[in-house]
Amino acid sequence: MLASSFVVLSLVFSGLASPAELSKRDGAPVVTKCSTSNVVALTFDDGPYIYMKEVVDTLKAAGGKGTFFVNGKNYGCIYDPENVERIKYAYDNGFQIASHTWSHKDLSTLSWDEIASEMEKTEDAIERITGAKTGFTRPPFGSYNDQVLQVAASRSQEIVTWDFDSGDSVGTSPEEQKQLYVNAVSSHPDGILSLQHEVYESSARDVLPYAIQQLQDSGYRLVTLAECLGKDPYLSQGTTKDKDDSWQC
């Protein structure tokens, strides 16, 4: 530890590395919970998929918003016209779009270049479609190691996990998922950062309306990830790009 500290200080004072560069080398921050009180950030992984618009409409009708962590190539290609339309619809309605990497691989098993590619291709796709550059990445399976954090830091990304898992991706029944929400609100934590998936019909059409009612009846506001953290949702926001031959998986 002392030797490591000496190397770090030596690099700074020798001018070989700035404090910002060393911070990126140390790794990206990991978000595991909300920092704003009395809010719930409902987040949906693995899309864009056929239930995305429905999730948006259900939350919007309840006066809430959410966040979609999208893949580039998982349930179809992100550049498919219907998926481009779905992402634009969510974004235009004030929902946050963030990265779930390109092909849903376990990043902790990949090389530096492979991790960077998984991140870069999805970030680029989101920016092309929405004009916004995301600053948040959720690693598939919530799996990361020091190298993943270092690559994320080099890309100005924050790594996001969760503190409430609906269990929909591991076969938990809709009734059991509903009970998990009941259990969560009964202890009334200061905030909830959830994990669910937009690719399951039962999650979108059965569990989500029930969860919204339980959460709102307990006084929670349904917000985006960025709102629950008190941060900007994007590194930058601009105009969408015109579709060209590079828009493919």
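Above this text is the structure in question.
Residues numbered from 1 in each chain as written. Predicted model: local features only at pLDDT ≥ 70, side-chain atom pairs only at ≥ 80, totals over all residues. Heavy atoms only, no water.

## Concerning the packing of helix H5 (residues 112-130) against helix H6 (residues 146-154)
Where H5 meets H6, the closest approach of the two axes is 10 Å, and the angle between their N-to-C directions is 50 degrees. Considering the angle they form, H5 stands oblique to H6. The chirality of how H5 crosses H6 is right-handed. Taking contact as the criterion, the partners of Trp112, Ile115, Ala116 and Met119 in H5 are, on H6, Gln147, Val148, Gln150, Val151, Ala152 and Ser154. A breakdown of the residues in the contact of H5 with H6 according to their chemical character gives 7 nonpolar, 3 polar and no charged. (Axes fitted to C-alpha atoms, helices over the stretch in contact; angles between N-to-C directions. Helix = DSSP H or I, 4+ residues; strand = E, 2+ residues; numbered from the N terminus. Parallel < 35°, antiparallel > 145°, perpendicular 65-115°, else oblique. Left-handed = near helix turned anticlockwise from the far one by under 90°. Contact = heavy atoms within 4.5 Å. Nonpolar A, V, L, I, M, F, W, Y, C, P; charged D, E, K, R; others polar.)

## Points about helix H3 (residues 52-61)
An α-helix turns once every 3.6 residues. As a result, residues three or four positions apart point the same way. Among all positions of H3, only Met52, Val55, Val56 and Leu59 are buried. For H3, the buried positions fall inside an angular range of 100 degrees around the axis, keeping them on one side. Contact partners of the buried residues in H3: strand S3 (43-45), strand S4 (67-70), helix H4 (81-92), strand S7 (96-99), helix H8 (201-217) and strand S13 (221-223). Looking one or two residues past H3, glycine 63 carries a phi angle of roughly 80 degrees, positive in sign. (Buried < 20%, exposed > 50% of the residue type's maximum accessible area, 1.4 Å probe, protein only. Arc of directions from axis to C-beta.)

## Brief notes about the environment of glutamine 147
Positionally, glutamine 147 belongs in helix H6. By relative accessible area, which is 27% here, glutamine 147 ends up partly exposed. If we skip the residues at most four places from it in the chain, glutamine 147 touches Leu110, Ser111, Trp112 and Ile115.

## Digging into the state of the cysteines
In this structure the tally under the stated criterion is 2 disulfides. Covalent S-S linkage joins cysteine 34 and cysteine 228, the inter-sulfur distance amounting to 2.4 Å. Between cysteine 34 and cysteine 228, the S-S torsion sits near -90 degrees, and that sign places the bridge as left-handed. Residue cysteine 34 is found in the loop between strand S1 (30-31) and strand S2 (39-41), and its partner cysteine 228 is found in helix H9 (residues 225-229); the two are separated by 194 residues along the sequence. (Disulfide = S-S within 2.5 Å.)

## Looking at the packing of aromatic side chains
Describing an aromatic ring pair means giving the distance of the ring centres and the angle of the ring planes. Counted under the stated rule, the structure contains 8 aromatic pairs. Ring plane angle 50 degrees and centroid distance 6.4 Å describe the contact between tyrosine 79 and tryptophan 102, whose orientation is recorded as tilted. Of this pair, tyrosine 79 sits in the loop between strand S6 (76-77) and H4 while tryptophan 102 is found in the loop between S7 and H5, placing the two residues 23 residues apart along the sequence. By the burial criterion, tyrosine 79 is buried, and tryptophan 102 matches it. Centroid distance phenylalanine 164 to tyrosine 181: 4.7 Å. Interplanar angle 50 degrees. Geometry classified as tilted. Of the two residues, phenylalanine 164 is situated in strand S11 (residues 164-165) and tyrosine 181 in helix H7 (residues 174-186); the sequence distance between them amounts to 17 residues. Residue phenylalanine 164 shares its accessibility class with tyrosine 181, and that shared class is buried. (Phe/Tyr/Trp six-rings, centres within 6.5 Å; stacked < 30°, edge-to-face > 60°.)

## Comments concerning the pattern of salt bridges
Pairing between side chains becomes possible if they bear opposite charge and their charged atoms approach one another. Under the defined criterion, the tally for this structure stands at 8 salt bridges. With its nearest N and O atoms 2.9 Å apart, the salt bridge here joins glutamate 54 to arginine 205. Taken together, the residues span a long stretch of sequence, with glutamate 54 in helix H3 and arginine 205 in helix H8 at a distance of 151 residues. Its relative accessible area of 45% is what places arginine 205 among the partly exposed residues. For glutamate 201, the salt bridge is made with arginine 205, and the minimal N-O distance between the two is 2.8 Å. (Salt bridge = Lys/Arg side-chain N within 4 Å of Asp/Glu carboxyl O.)

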